[in-house]
Every structure is written in structure tokens, then in C-alpha cells.
Amino acid sequence: MGSKLYTTREWAGKWICAEMTLEDRMAPIFKKDFTISGEIKDAKIFVSGLGYFELKINGNLPDDSVLNPANTHYCQTALYREFDAAAFLNNGENAITVELGCGFYNEPTDVWKWDTAPWRSVPKMILDLVITYADGRQETITSDESWLVTLDGPIVRNSIYNGEIFDARRCEFAWKNAIPAEAPKGELRCQDVQPIRRVAQFAPEAIKRLADGTYIVTSPEMSAGWVKLHINAPRDTEVVITYSEALVEDGHVLRNGKNEGPNGGWWPNEYIQQDTYISDGNEAEYEPKFSYKGYKYIQIENYPGELTADDMVLYRVANDVDVISSFRCSNELVNKLHDIMRRTLHNNFQGKPTDTPIWEKNGWLGDLNVALASAFYNFDLRGFLNCFVHMMADCQSECGVVPIMVPAAKWGEDNCIVWNSVFVFAVEKLCDYYGETDFARKMYPDLKVYAKTNLDLLERRNWIWDGPDFSDWVSPSGDEFIAGDAGNSEGSALCSTAYAYAMLLAMEKIARMLNEEEDAKVYAAAAQKVYAAFNAKYYNAEKQIYTTGQWRQIGKRTEYRQTSNLVPLNFGLVPEDKKAGVVKNLMADFEAKGYHLDTGCVGTRAVLPVLFDEGYADAATTVLKQTTYPSWGYWIEKGATSTWEGWEPSARSQNHYFLGTCAEAMYSHILGIRDIRDGFSRFTVAPEVECELEFAEGSIQTVNGPVSCAWKKENGKTIVDIVVPEGATADIRLPGIETQVQGGKYQYIIG
């Protein structure tokens, strides 16, 4: 996968649809019968179905992908998939069917204005089947009004949020000719990104039958996806399947919707995450097609007979991005934290990086921004992230700014820099990790528009970003029984200004890489103005700390903000002559709070890098291994198998990655693989061998080959083994050792 992203083609087929209204929720099925005469050399199907499609060729799926295609801003871009079809075609009679789901293309939820989305329309499709015969002939089967369509299919209702109703009794279809459909406004481009698949499967951890006959299935881990359920029920039986992250006191799942559960008022008329299977009396295996769910628990009502583990398979469903790394150390808690962060990230790779698989399913940019490095260390994000960056540019073109979530339907169009600066940082990291210079060049005009908008805004505000923005979201309340601070007791301006500074430096770096020297000088000069204004505004010389001067009391929070000092240290905003005092006061606060976290999503990401970089390796490890509230380990103590949306047990979501960013430092500091540049052709290996761990080991599969570091303490010495791929250069920094090496295997003994 790479930056060849988004191929276009000339289509012979037409967009077609069924006679439906926007309020209809059934899944139309289109079909085309045709005859092939001759030996086939090659056959390709190009198809787009909005919002989702399921393609079958003579009753066969062309591959194992699901939830096609990826969600986009359809006014700018719609995606199609390409499939090899030769193996599924017959010399003689053939049939193609395409079933369509609503997805985000026709979603009635009004919370994020999906119901008034400028692209909203009934499901529609376009298809070209291009057949090349052995004798050189070529034939194209295309979508047009000759295709037949039925609204009598078994999916009588579907929604990305609510789930679906599948009526197996509906097996006799009335067919009509399809009708022409208005093409989506956006350009139709190939989905050159890893498709969504069932990437993992597992058996239930437990099955419990409640007094009312309802079954509660417990998954061994928090997941996103669904269950495939074997059902043998009398005709007309309605088996109701509800997914949830939590149980209520009587043992049933916590439902959401109909004004029940967290944010239940968002869906006042229906429950979300619920499928219904209506039996035709025959034995069947059922799994949904056009929605996915976040779940730890699955409630199954009206299931006939005894439900056993043999009757189901639980799936994780996500973009099939490759896991590229490994990490293990001497502390099992730290290993668990690594694993739950990786799991939570993958649960939220759903055509875009989302915030939670349950309530929102939205591409919130702040979540990705703080977790960007964690994601790059764990997964091959080529293709997947390129596609998402392109979506940001689409939204910028449509909305005038990069909104706070992508795609967006005219919602969240505030220019919130802590959130949307990921537009720049993602391109920077694609260049650093994969050498995606061509992609950066392609995106640079959009990045330049983004930077110019923000430069103008900063200049008008005297180089301080002082608007009311999202910032250090869900800082702890200081009391595990009081909900965290979803806003900012100390305001957002300090973090926003710091992110503006870092964004300008990243733009300078990208501009120099692309030989845009004059632009680079502009960004560098602006960054220095922000630097000076930041220190003049927020540095308190008397107290030797950074403070906003704003305060709104939440719970037991203290007015000293770890985040307000971690962020400037992390972003290089603290003058050298002031650093010692700032660090001293930061460490005093950690000590006073028992080495607990007092940070939201922005500050949390900076905790370990700053403590390690400032020479407090033991304190960093103590914070990392902490198990009481508020800490990462507190989640593990409470049985978490994924990272939470807050530090308190009342956190709405337990499948939300933006606080699990301790995973970054496991690679960047404990293993020491950092300062990555030019597609991993240059990097540093500087493991924190003096921290309170006995060993650590791990590797990353880079575009140049594997990079690894393993160290262990043995008989008073520390043995460090490092692998550098051929063609790469690594700066090695160890106690008493500083050297530069080329590709190869190296061992160092310290002590």
C-alpha cells in the first residue's frame, strides 16, 4: 500500500437505484443475468454501492471483505472496489447480484447532522464487468435500466447505528427494472486501502442464561464486529441480538437508545447495536451485513433450546492493516497495557480511525492526533492513513476548514487546531515512516491552504490561539466516583497555541523536504513569533511553571496542571534557562500526587516521553506501573481488555484509544526507537536501560526491513542487542556510548 492512492477510470455503466424514499431502510437487491460464450482469459469487476454493498457472482462472494466501500465525504469522493471475477464465471449462464445497505450515505441520525448531510440519498450502485476472452475479444457487462431490482429482500431495515432486521421468511421476490440514479457529487475513485475483514475470531468466554430465558454471551475481550449465530427456530421466531460494553444490575446488557443508557436520547425511537433475525423455520447461520457493533457482551433473546459455544463465532471486524511490531518487557502489567492499546486502535479502524465503535463511529481528529505515534509503531498505516488524510482535504474543500471530525456533514466546522493539526502531522509521519514524499507533494497545496488560514488567524490574535476549543479532554476529576472533566478547567488556549507552534514546525519540515524554501522560511518565522508569545503569555516566572490563569473547579482537581507543563516541555517551547525550574515543579506535582496522572488526552500522550527525556526514568516507570486511580494500570485492575474514554469507571466508552498513548513510549523510549526520518532510513536507538525494568525487547517491520532492540540486566551488566536494516543509518545512544552505525547486528555490554 502506498501513495498511488485513488485511481480513477472511465465508466461504461450507469448509476442505478430502486424506487425508494430516504426514510426506507430496506436493503435493495439488484441482479443481472447474462450469457458468456468463450474461454475467459481475464475478468475484472469494478463496483461501487453506496452506502455499503455486497457483491455476489453466481452466488459467490468475490473475496472475504465486508462493509464495502469505506465511508467518505461523498460530495467530494466516493469509492469503488475492484475484484477478480474470472474464477467465478461460467461458460454459459451467469448472474450477478448486488445488495445495498444504507451506511453513512443514508443515515437518519440527527446528532451529527447525518440526516441533513448534503450527500444524503437512497442507496445506489454502478458496475462494470470487463471480460477478456482467450481469443482477444473484450466484453463489458454494465449497470443500467436492464438490471432488475427488488425491495423484497430479507433485510427489511438497516442502519449503521441501529443494526438490522433480517426476515428469513422473505424468499419470494417481485422484480422490477432498476431506475437511473443521480451520481454522487464526488469523484469516483478506487479504494486503494486495506478493506474491512473479519480480522480475528474467538469463542465466548462465558454463556449465562438469565431467569427470563435471555442468554448473555461474554466475549474474552472488548471488540468491534459481530457474532455469527447458528439458529434453528420455529417459523416466525424473532431472535433479538443486542451488543453492549456493560451489564446492568439484573445481568442484562446496558441498552442504548429510547432514552436509556449513555446518550440514549440521541436515538429516541430505537435501540442501537441491535439485530433481529426472524426465522423461516429452517436451520441457518446469521450474521449482519451492513453494520458493526462495539461489544464485550451480547444479549440474545428468544433463542430456542440451549445456546452453546458451538452455536457461535465472535468476530473482530476492522480494516485489515498489518501489525508490524512486537513488544515485551519484564513487567506483565506493562505488557497488558501495550496489548489493550493495540486492540483498541484496531477496534476503531473502520474505514477511518474512529473514536468508539458504539455511540459515535466518527472520525474525531483529536483522538488520532494524540495517538498518531502509537498507531504508527503498531500498524502499517500506508493506504489506510493516506485515504484518511485525503478525506481531511475533502472536508476542508467542502467546509472551508478541516472540521473536528472527518467525514463531516456540515457539523463540527470549528477550526480546532489540537484536533485538526493531525492533517499536517499525519503527512509528516507518512514521510518519516514510509518515505511518502510523493504523497506529501500531492497534498501540499491543501496543507498550504490549511497553514495559511491558521497563520492569518494567529497573526490576528497576536500569535496566541485563544479561541474556545477542544483540548485536554477528560482530565481526571481526582475522585474515581466523580466524572472527569470533559472540557477544560484551565481553558484550551495553552494547548492550542502549543499545537499551532508544532504544526508550523512540521510545515517548515515538509516544505523544506519539497524544496519549498520560501514557504519554509514563512513557517519558521511564524513559529518563532508563537514561541515568544507563548512564553510571554503563559510562563509564570515567580512560580516557574506554565499556567493559563483560568480555572473552573471540577471534583478534586488541583490548579497545578500537569498538562500545562508537559506540553511545552514535549514541544520544545521551554527556554533552556527555564527548563530546570519547570521540570522540578512538574516532578514535585507527580510526587505529591503519588505518581498518578492528572492529564486528559493531550497531556497523557506527553507524560512518559517528558519524564524519560528529562532524566526521570524511574519516575516514568513508576507512573507506567501505577495501578490505583487515576492511572493506566487502574483500568487493568478493573478488568479492562481495552482502553477507556476516561480514567473513572463511569467513562462512557471502554473501547476508546485516545488515553492509551503510553504505548508510544514503549517503542520510542523503553526500546528507544525514535527520531525516525526519511522512510526509516535514519533513526535513533536510545533505550531507557536504566529504568525499573529487568528487560525489554521488541521489533518493528519497516519499509527497509526489521528494526529491533532487546536489552536485559544480567550479573550487574546490561546487554543490548540492536538490529539495523541494510541501507539504514542509526544513531546509537547508550550510557557511556554514542555511535553511528549502518545496517547490521550489534551488541553492546554496559557496566
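Residues numbered from 1 in each chain as written. Predicted model: local features only at pLDDT ≥ 70, side-chain atom pairs only at ≥ 80, totals over all residues. Heavy atoms only, no water.

Engineer: When you look at the packing of aromatic side chains in this model, what are you seeing that I'm missing?
Structural biologist: Within a pair of aromatic rings, the relevant descriptors are the distance that separates the centres and the angle that separates the planes. Using the criterion set out here, one finds 45 aromatic pairs in the structure. One aromatic cluster is present, formed by Tyr74, Phe104, Tyr105, Trp112, Trp114, Trp119, Tyr161, Trp266 and Trp267 through successive ring pairs. Positioned above the aromatic ring of Trp11 is the side chain of Arg9, whose terminal nitrogen or guanidinium carbon lies 4.7 Å from the ring centre. (Phe/Tyr/Trp six-rings, centres within 6.5 Å; stacked < 30°, edge-to-face > 60°. Lys NZ or Arg CZ within 6 Å of the ring centre and 35° of its normal.)

Engineer: I'm lost on the pairing of strand E3 (residues 40–50) in this one. Help?
Structural biologist: For a regular strand, side-chain orientation follows a simple rule: the groups alternate between the two sheet faces. With 10 bridges connecting them, E3 and strand E8 (residues 124–133) associate as antiparallel partners. Residue pairing for E8: Ala43 is matched across the bridge by Ile131. By the bridge criterion, four bridges tie E3 to strand E6 (residues 77–84) in an arrangement that is antiparallel. Across the sheet, residue Ile45 finds its bridge partner in E6, namely Phe83. (Pairing = 2+ DSSP bridges. Helix = DSSP H or I, 4+ residues; strand = E, 2+ residues; numbered from the N terminus.)

Engineer: Please clarify how the sheet that holds strand E13 (residues 176–177) should be interpreted in this entry.
Structural biologist: Where strands meet in a sheet, backbone hydrogen bonds hold them as pairs that are either parallel or antiparallel. Strand order in this open sheet of five strands is E4-E7-E2-E10-E13, and the pairing throughout is antiparallel. Strand pairing shows two members of the sheet lacking a second neighbour, strand E4 (52–57) and E13, which therefore form its edges. Relative to E13, strand E10 (residues 148–150) runs antiparallel, the two sharing two bridges. Within the sheet, the bridge partner assigned to Val149 lies in E13 and is Lys176.

Engineer: Help me out: how do you make sense of the packing of helix H10 (residues 576–592) against helix H11 (residues 601–613) in this one?
Structural biologist: The angle between the axes and the distance between the axes are what describe a pair of packed helices. Two elements in contact, H10 and H11, have axes whose closest approach is 12 Å; the angle formed by their N-to-C orientations is 115°. For the element pair H10 and H11, the recorded crossing hand is left-handed. Counting all contacts with H10, which are made through Leu586, Met587 and Phe590, the residues of H11 involved are Val607, Val610 and Leu611. Across the contact of H10 with H11, the residue classes tally to six nonpolar, no polar and no charged. (Axes fitted to C-alpha atoms, helices over the stretch in contact; angles between N-to-C directions. Left-handed = near helix turned anticlockwise from the far one by under 90°. Contact = heavy atoms within 4.5 Å. Nonpolar A, V, L, I, M, F, W, Y, C, P; charged D, E, K, R; others polar.)

Engineer: Any chance you could explain the nonpolar core here in plain terms?
Structural biologist: Nonpolar side chains in soluble globular proteins tend to end up buried together. Counting residues in each nonpolar core, the largest one holds 251 residues, and the members touching the most others are Leu55, Leu127, Leu129, Ile300, Leu385, Val389 and Trp632. Looking at which element gives the most residues to this core, the answer is helix H7 (residues 493–513), with 14 residues. Those residues within four positions of Trp632 in sequence are excluded, and the remaining contacts are Leu337, Leu597, Thr604, Val607, Leu608, Val623, Leu624, Trp647, Leu659, Gly660 and Cys662. (Core = buried A, V, L, I, M, F, W, Y, C linked by side-chain atoms within 4.5 Å. Buried < 20%, exposed > 50% of the residue type's maximum accessible area, 1.4 Å probe, protein only.)

Engineer: Explain the side chain of Thr218 here, please?
Structural biologist: Relative to the elements of secondary structure, Thr218 occurs in strand E18 (residues 215–231). Apart from residues lying up to four places away in sequence, Thr218 is in contact with Pro204, Glu205, Ala206, Lys296 and Tyr297.

Engineer: Can you help me understand the pattern of salt bridges in this one?
Structural biologist: Pairing between side chains of opposite charge can happen when the charged atoms of each approach one another. Scanning all chains against the criterion turns up 52 salt bridges. Put simply, Arg677 and Asp731 hold a salt bridge, and the shortest N to O gap is 3.9 Å. One end of the pair, Arg677, is in strand E27 (residues 673–677); the other, Asp731, is in strand E31 (residues 717–734), with 54 residues separating them in the sequence. A relative accessible area of 27% places Arg677 in the partly exposed class. Counted as one network, the salt bridges with shared partners bring together Asp485, Glu490, Arg552, Arg557, Arg561, Asp589, Lys593 and Asp598. (Salt bridge = Lys/Arg side-chain N within 4 Å of Asp/Glu carboxyl O.)

Engineer: Mind showing me how you'd approach unusual backbone geometry here?
Structural biologist: Negative phi values dominate among residues other than glycine, just as trans dominates among peptide bonds. Between Leu50 and Gly51 the backbone carries a cis peptide bond, its omega angle lying at 0°. The linkage connecting Val406 with the following residue, Pro407, adopts the cis geometry, with an omega of -10°. Note that Pro407 resides in the loop between helix H3 (384–399) and helix H4 (417–420). Residues other than glycine seldom take positive phi values, yet Asp675 does so here, at roughly 50°. Relative to the helices and strands, Asp675 resides in strand E27.

Engineer: Please clarify how the layout of surface pockets should be interpreted in this entry.
Structural biologist: Volume-wise, the largest pocket comes out at about 1100 Å³. In terms of lining, the largest pocket is formed by 31 residues, of which the most central are Lys429, Asn570, Phe571, Arg605 and Glu664. Residue assignment for the lining of the largest pocket shows that the elements contributing at least two residues are helix H2 (365–378), helix H5 (422–434), H7, helix H9 (562–570), H11, helix H14 (662–670) and E27. Size it by volume and the second largest pocket reaches roughly 730 Å³. Considering the residues around the second largest pocket, the lining is formed by 32 residues, among which Glu54, Lys56, Leu61, Glu99 and Lys289 are closest to the centre. Looking at the lining of the second largest pocket, the elements that each hand over two or more residues are strand E2 (29–35), E4, strand E5 (65–66), strand E7 (93–101), E18 and strand E21 (284–286). For the lining of the second largest pocket, the element with the most residues is E4, which contributes four residues. (1 Å grid on protein atoms, 1.4 Å probe; cavity = no way out; pocket = protein on both sides within 12 Å on 5 of 7 lines; lining within 4 Å. Points joined across faces, edges and corners; volume = space filled by probe spheres on them.)

Purely geometric numbers; function is a separate question.
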